[in-house]
Amino acid sequence: MGAAKEKTAGKKAFKMPHTLVIIFVIILAAVLFTWIVPSGEYARAVDAATGRELIDPESFHYVENTPVNPMRIMNYVIDGFMDAADLIFMLLFAGGAFHLITDSGALQASIAKVARKFSNRFYIFIPMLTLIFTLIATNQGVNLFIPFVPITVMLSFALGLDSLVGVSIILLGGAVGFSTGTLQTSTTLLAQEIAGLVPFSGIWYRAICLVVFWVVTNLFLIRYAMKIKKNPQLSPMYDLDLQSEMKASTTDLSSFGELTGRRIAILAALVITLSIIVYGGLKLDWDMAEFAAMFLWLGIVVGLLAGKSFSDIAKGIVAGSKTMLGAVMIVGSARSIALILTDGGVMDTIVHVLAGGLDLVPTVLQAPAMFLICTVFNVFMASGSGQAAVMMPLLLPVADLVGMTRQTVILAFNFGDGFGNYIFPTSTALMGLIGAANIPYDRWMRFIGKIFLVWVLIGCILVAIAQFIHLA
């Protein structure tokens, strides 16, 4: 008996590898795919009506294999960093700017005021914030929200919650807005152009879907927040949050002091910058490079308002950028996976196999099956517009044959392209957001698993209803 105890005690408990190790394993699997999966391709041509490159769904053919040389894995990782350079710069400069803002105490003082007001009213506070990110994400990608992570995480800590609640206010709220495709130009509008539908038609049903997902998601998040408030040790992030610099800076609300004129000016600079960024993304077609430049300006302005010298401002930007290196490593490495699959010639083969699987599904389950297929394909291609250009020409003919409306196909595509972004490590939006909050991927998975399964179940029901009512 004693020997058995000693043997058990001698065994080390399994410890989940670092997020970078998980991504590297996926990279190795992608390289292996290029060696065991036959290379294939579809013919592509520019559509005269839309000016977009589309595939011919009848043109798939196998070609000579082009497996990726394992010795070039690190070259692809470097290519991934180069491909994600604008996002990486935005992460670094946002880290620098928020370090200077935090150092000034302005953010903590304002958060203390909010925390005192909403400390026991999660049922108001959480839905109120998630709704903001949901509405913005109806027309924008969730990458836009990465700079907001320090604010919501520090606010969550001040309320006695964990970093998962803080980042989920953004991620889960954004997930609902983006995935339901209400006003998305990069996914819904593009898919409708390919399908020959009236732009943004069917919006009434997508709006209903948004409300359903928003209510269910907030119920999940409020329930989790109440559980963590009651017993913080139940959080998957409990041990790591104890070491968090953001948590340390929000521990004692009474020590933050008042909102002085200098601090109010710093907060005004932050609000103005974030407003300009949102406006630029919505109206001026700005991307990550423009956002990065705005955060660099913000860091300088905040430093001057705080009374720092230029040398101290430079030191602050460098110090804040260092806190984002983990997120940068994850984003750049994850971007290499799609590059490997494309260069290995297996991306179109994967599409062909997934689309062919629809023939094996009963007609009544065709719409849910399309949703699940688009979700699986999202592992290999995270770009929504890229998925639309590849998947729509394949799924639309199948829908026409079984009597499914094209609007239903687009709904299934939106759900599949959207919700997978918040669980698969190939999503730069996910990895950038949890990286900015210093949440390891395995800890995120322990948290997100249940609500993702609920999303999938509700999504299958909603697309099945759309198929039943012949959504037009």
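Look above for the structure.
A brief structural summary.

What counts, and at which threshold
Residues numbered from 1 in each chain as written. Predicted model: local features only at pLDDT ≥ 70, side-chain atom pairs only at ≥ 80, totals over all residues. Heavy atoms only, no water. Salt bridge = Lys/Arg side-chain N within 4 Å of Asp/Glu carboxyl O. Helix = DSSP H or I, 4+ residues; strand = E, 2+ residues; numbered from the N terminus. Buried < 20%, exposed > 50% of the residue type's maximum accessible area, 1.4 Å probe, protein only. Axes fitted to C-alpha atoms, helices over the stretch in contact; angles between N-to-C directions. Parallel < 35°, antiparallel > 145°, perpendicular 65-115°, else oblique. Contact = heavy atoms within 4.5 Å. Core = buried A, V, L, I, M, F, W, Y, C linked by side-chain atoms within 4.5 Å. Patch = residues over 30% accessible without salt bridge, like charges linked within 9 Å, V, L, I, M, F, W, Y side chains within 5 Å. Areas by Shrake-Rupley, 256 points an atom, 1.4 Å probe, with all protein chains shown as cover. Phe/Tyr/Trp six-rings, centres within 6.5 Å; stacked < 30°, edge-to-face > 60°.

Side chains that carry opposite charge are capable of pairing whenever their charged atoms lie near each other. Tallied over the entire structure, the rule returns 3 salt bridges. Residue K308 pairs with D103 through a salt bridge whose shortest N-O separation is 2.7 Å. Remark: D103 occurs in helix α4 (residues 85-104) and K308 occurs in the loop between α14 (288-305) and α15 (310-322); sequence separation between them is 205 residues. Judged by its relative accessible area of 48%, D103 is partly exposed. Here R443 ties to D239 by a salt bridge, and the two come within 2.8 Å at their closest N and O atoms. Of this pair, R443 sits in helix α22 (residues 441-468) while D239 sits in helix α11 (residues 238-241), and the two are 204 residues apart along the sequence. Among the charged side chains, a network of salt bridges with common partners joins D239, D442 and R443.

With that settled, the discussion passes to the packing of α4 against helix α16 (residues 325-343). It is the contact of α4 with α16, at a shortest axis distance of 9 Å, that shows an interaxial angle of 170°. One finds that α4 runs roughly antiparallel with respect to α16. Each of L87, I88, L91 and L92 in α4 lies in contact with α16, whose residues at this interface are L325, A327, V328, V331 and R335.

Turning our eyes to something else, we now look at the nonpolar core. Core analysis: the largest hydrophobic core is formed by 146 residues, its most contacted members being W444 and W455. No other element matches α22, which puts 13 residues into this core. If we skip the residues at most four places from it in the chain, W455 touches L172, A175, F213, T217, F371, F419, Y422 and I448.

Moving on, we come to a nonpolar patch on the surface. Together, L183, I203, W204, I208, V212, L457, I461, I465, F468 and I469 line one region of the surface with nonpolar side chains, adding up to about 930 Å² of accessible area. Those elements that place two or more of their residues in the nonpolar patch are α10 (203-230) and α22. As for its position among the elements, F468 is in helix α22. The exposure class assigned to F468 is exposed, which follows from its relative accessible area of 70%.

All right, on to the packing of aromatic side chains then. Per the stated rule, a full pass over the model turns up 14 aromatic pairs. On the numbers, 5.5 Å between centres and 55° between planes, the contact of F220 with F447 is tilted. One end of the pair, F220, is in helix α10; the other, F447, is in helix α22, with 227 residues separating them in the sequence. Of the two residues, F220 and F447, neither departs from the other in class, the shared state being buried. Measuring from centroid to centroid gives 5.9 Å for F371 and F415, while their planes differ by 75°, and the two rings are edge-to-face. With F371 in helix α18 (residues 366-377) and F415 in helix α20 (residues 406-419), this pair connects stretches of sequence that are 44 residues apart. Note on F415: relative accessible area 0%, which makes it buried. Following the ring pairs from residue to residue traces out a cluster consisting of F213, F371, F415, F419, Y422 and W455.

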